[in-house]
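The primary structure of each chain is shown beneath.
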Amino acid sequence: YKRKTRKDKADDVEFLKEKFSRAQGVIFTDYKGLTVEEISRMRRSLKESDIEYRVVKNTLARIASDETPLSVAKDHFTGPVGLAIGYDDPVIVAKKVLEFAKENEKFGVTCGVIEGRLIDVSALKDVAKLVSREVQLSMLAGALSAPLSKMASLLQATIQRFGYALNALKEKKYEK
């Protein structure tokens, strides 16, 4: 085991700060009691949804959280802390982590930061019940496309009627 230098620690802080700044959802977990194999299985399952799992050194994570959305959770960097970090959809992060926690009773979820707000475990369970952002966007697209397609067909019909009227006018003119 090589002891970390001051430069290594500063690099770690910068690395974490960058991750914390981009994060939409971060779930604080207690991984104590899990085997290496169980943690690896969880990491793989989270990675499939573009979620990163990191075990962090509390003092460095506390420093890195300054001026990031995670600053609201500074006091929760205590004991063994593993962070599930999601950059796109915070709902997916909460769902995936809580699913794993349900399957593994040794794995604890302590709190989360969703879009800059600190929330407890019961609120995380509520977030996990929400529809994902992807589903919400497709529902919105469907809702928007229906009126647009109606409007397009109405415009098409109006143009057709206008065309028929012009054609009728042209034929009437040639009859004279």
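Residues numbered from 1 in each chain as written. Predicted model: local features only at pLDDT ≥ 70, side-chain atom pairs only at ≥ 80, totals over all residues. Heavy atoms only, no water.

For this particular structure, what's the right way to read the sheet that holds strand β1 (residues 25-30)?
Two pairing modes exist for strands in a sheet, parallel and antiparallel, and in both the strands are linked by backbone hydrogen bonds. The 5 strands are arranged β2-β3-β1-β4-β5 in an open sheet whose pairing can be described as antiparallel. A strand with exactly one partner marks an edge of an open sheet, and here the two such strands are β2 (51-56) and β5 (117-120). Here the strands of the sheet are splayed against their neighbours by 25 degrees on average, with no regard to which way each runs. Strand direction decides the pairing type here: β1 and strand β3 (residues 81-86), joined by 5 bridges, are antiparallel. Note that in β3 the partner of V26 across the bridge is I85. Lying on the sheet, helix α5 (residues 121-129) is in contact with β1, β4 (108-114) and β5; it crosses β5 at an angle near 100 degrees. (Pairing = 2+ DSSP bridges. Helix = DSSP H or I, 4+ residues; strand = E, 2+ residues; numbered from the N terminus. Axes fitted to C-alpha atoms, helices over the stretch in contact; angles between N-to-C directions. Contact = heavy atoms within 4.5 Å.)

What's the story with the packing of helix α4 (residues 90-103) against α5 in this structure? I'm lost.
Helix-helix packing is characterised by the crossing angle of the two axes and by the distance between the axes. Packing of α4 against α5 leaves a shortest axis separation of 8 Å and a crossing angle of 115 degrees. In terms of orientation, α4 lies roughly perpendicular with respect to α5. At the point where α4 passes α5, the crossing takes the left-handed sense. Along the contact surface, α4 presents P90, V91, A94, K95 and L98, while α5 presents L124, K125, V127 and A128. Grouping the amino acids of the contact of α4 with α5 by side-chain chemistry returns 7 nonpolar, no polar and 2 charged. (Parallel < 35°, antiparallel > 145°, perpendicular 65-115°, else oblique. Left-handed = near helix turned anticlockwise from the far one by under 90°. Nonpolar A, V, L, I, M, F, W, Y, C, P; charged D, E, K, R; others polar.)

Would you take a moment to explain the environment of V97 for this structure?
Along the chain, V97 turns up in helix α4. Residue classification places V97 among the buried residues on the basis of a relative accessible area of 1%. Between the C-alpha atom of V97 and that of I51, which follows or precedes it by 46 residues, the distance is 9.6 Å. (Buried < 20%, exposed > 50% of the residue type's maximum accessible area, 1.4 Å probe, protein only.)

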